[in-house]
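# Fold and geometry: a report
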Amino acid sequence: MHPGLTPCFVTGKHRPRGLPGPRSGRKSRLRRVLALALEPEDCSYVTSVLRKFEIFHGAIVQHARHASTCPFWWVSECSVLALGLPALDDGLDATCLSRALASRTRLDRAPSFRWTAWVPWAQDCRSRSKRMTMRSSSISHVPVCHVVYAKFPADPRVRREVRTLESVGFTVDVLCLRTDKEDRAEVMPGVRVRRLPLGPRRGSRLRYAYQYVTFFLLVSVNLVVAHAFRRYRIIHVHSLPDFLILAAVPCRALGARLVLDLHESMPEIYRARFPRFGGSFVERLSVLVQRVSCAFANRTITVNPTIGAILESRGVPRERIVVVENSPDWPVEIGGPKPELVSGDSAEITIVGGLNPERDLRLVLTAAKRLREIVRIQVRWRIIGPGEPSFVQALRDQVSRLGIEDVVTIEGEVPATLVPSILARATVGVVSYQRNPLTEIATPNKAYEYAVAGKAMVVADLPALRRLLGDTVRYYIPGNAEDLALNVQWLLEHPSERGLLELAARQRIAGHRWEIMADRLIRVYQECLASDGVFPRFEPEREGSSEPTWRPSDGR
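Notes on the structure follow.

### What about the overall build of the chain?
Across its full length, the chain holds 18 helices and 16 strands. Within the chain, counting contacts between residues at least 6 apart in sequence, those at least 24 apart form 71% of the total.

Printed below as a string of structure tokens:
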């Protein structure tokens, strides 16, 4: 090839560099469609073709995704992209494409020759213009996916993590359950939610098996299809069930990194829900499944050091375990109850969260009746949250039998944005739990939320809660309604001591605030991206935070 000549991509003929050459109307239109432009003189013919293909393909992906807001988004994104064609509302501008192509300099990295570069996959779910390169210095618009067997954004832990990741630049997809009143798909800034046609239900072992297996199959299909177009860098799977991460194994084979987030420990849940089958084959199988699931994950996240120690005892490498606790992402200035809302002759006790047997709400209702008999001020109890209709109805029936309708109300689920203001009105916080293998290692959201809100608490005396809260709360014996009522009475009748406990609880929880947990979560993503050759920049971890790997903690 003559050094002074450049081959024409359309005709194959040679012409001097820098000279556009003759252009017929037909050839000119073809060049505009293919976004052809003169390349720098140091570029080889192959590099020139690859760069043109990269720019042209990126434009098709970008404009095709703009059609995703229409009701036929699946057709626009999947069918059109699979054919390699622009969407119907495409506004492809060959002039802009040529300008973008010509602006690339010799310092740009040549396109990768890995086979994945030739597969027409979309780069992310929101068409943010730049593709993540192998040595990028930014995390902007890196596509990740969260999979959760729960409702979104109702699940507070998933909501916090997604909000944190979106705030630092990740583009997040969420695959979750769907109820009858929810939309199949929802688009938020930086977040795209796809709800699968399955609702949350409890029941027998057979019912749980059906729910989990059905959700697993739905996730398996949706993940593979979505990954082909989104090309996720990280897939974050929330347990339960633990084996849900196996649905993402094909995506890991295609380059995605996997993060397993254990909200709870599945073997302990099985022992708690089905105590009659302790030591059974299914229980031993759940331990094996947990170990296998953690082995497939690049990182395993847990909610407290107690579960972290259990995982380590079951063979999970310590360096792959990270504790991200259930702290609320509320401002510290939320404060305590306003004086005008809580007078000296009345008080309010509010319990917000999922209504389920583990919360031991039947005991709470019995304690509410006993408290009305022994305390001289009027105490109003509010129990707020979602639950199985049969269980909620059983609670209402118990309220009627006890004759406490005047002091106890059971209300439905409220938006997450209202929870801080609802808790701010409470005089005392109650964290009730049954004693079983699950609750002995659990640290519920409400314990953190009461502490951040600056509320004195009466808490079930269980190991994980003692490790978290220390001597900043009053403990009652699980299952003892009289003990619960007496501890609440003491807090109501001793406002000065209650104020000291409120201050101590807020100081205790300061080392567990969400800013620290968010740093740990982002550091996990940083390590996963670094293992893939991507080195994003992050803000340094805030003062007072610790390393994002699990370490024994004294609860401070």
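### What to know about unusual backbone geometry
Negative phi characterises most residues that are not glycine, and trans characterises most peptide bonds. At the junction of F152 and P153, the peptide bond is cis and its omega measures out at 10 degrees in the coordinates. Considering the arrangement of structural elements, one finds P153 in the loop between β3 (143-148) and α5 (156-167). The omega torsion of the bond from L240 to P241 falls at -15 degrees, within 30 degrees of zero and hence cis. Among the structural elements, P241 can be located in the loop between β7 (234-239) and α7 (249-253). A positive phi is found at R231, a non-glycine position, where the angle reads about 55 degrees. Among the secondary structure elements, R231 is positioned in the loop between α6 (205-230) and β7. A residue is classified by how much of its surface remains accessible, and R231, at 19% relative accessible area, is buried. Of note, D360 is a non-glycine position whose phi angle comes to about 55 degrees, a positive value. Mapped onto the elements, D360 comes out in the loop between β11 (346-352) and α11 (361-374). Accessibility expressed as a relative area gives 11% for D360, which makes it buried.

### As for the packing of aromatic side chains
A ring pair, where both rings are aromatic, is described by two values, the distance of the centres and the angle of the planes. Under the defined criterion, the tally for this structure stands at eight aromatic pairs. The interplanar angle of 75 degrees and the centroid separation of 5.2 Å between the aromatic rings of Y149 and Y212 together place this pair among those described as edge-to-face. Of the two residues, Y149 is situated in the loop between β3 and α5 and Y212 in helix α6; the sequence distance between them amounts to 63 residues. Relative accessible area serves as the criterion here: at 15%, Y149 is assigned to the buried category. For Y212, a relative accessible area of 10% gives the class buried. Clustering of aromatic rings is evident, with ring pairs tying together Y149, Y208, Y212, F215, F216, F243, Y270 and F274. Sitting above the plane of the W514 ring, R160 keeps its charged end 5.5 Å from the centroid. Over the face of the ring belonging to Y475 we find R466, whose NZ or CZ atom lies 4.0 Å from the ring centre.

### With respect to the packing of helix α14 (residues 445-452) against helix α17 (residues 495-509)
Relative orientation of the contacting elements α14 and α17 amounts to 115 degrees, with a least axis distance of 8 Å. As for how α14 packs across α17, the hand of that crossing is left-handed. Residues Y448, A451 and V452 of α14 form the contact with α17, whose participating residues are A505, R506 and I509. Of the residues that constitute the contact of α14 with α17, the class distribution is five nonpolar, no polar and one charged.

### Notes on the sheet that holds strand β14 (residues 429-431)
Adjacent strands of a sheet form backbone hydrogen bonds with each other and so pair up, either parallel or antiparallel. Taking strand neighbours across the sheet as the criterion, the three strands line up as β14-β15-β16 in an open arrangement whose pairing is parallel. Here the strands that pair on one side only, and so sit at the sheet edges, are β14 and β16 (474-476). Taking the axes of each pair of neighbouring strands and ignoring which way they run, one obtains an average angle of 20 degrees across the sheet. Of the strand pairs in this sheet, β14 and strand β15 (residues 457-460) are connected by three bridges, and their pairing is parallel. Following the sheet pairing, G429 is matched in β15 by M457.

Cut-offs used in this document
Residues numbered from 1 in each chain as written. Predicted model: local features only at pLDDT ≥ 70, side-chain atom pairs only at ≥ 80, totals over all residues. Heavy atoms only, no water. Helix = DSSP H or I, 4+ residues; strand = E, 2+ residues; numbered from the N terminus. Contact = heavy atoms within 4.5 Å. Buried < 20%, exposed > 50% of the residue type's maximum accessible area, 1.4 Å probe, protein only. Phe/Tyr/Trp six-rings, centres within 6.5 Å; stacked < 30°, edge-to-face > 60°. Lys NZ or Arg CZ within 6 Å of the ring centre and 35° of its normal. Axes fitted to C-alpha atoms, helices over the stretch in contact; angles between N-to-C directions. Left-handed = near helix turned anticlockwise from the far one by under 90°. Nonpolar A, V, L, I, M, F, W, Y, C, P; charged D, E, K, R; others polar. Pairing = 2+ DSSP bridges.

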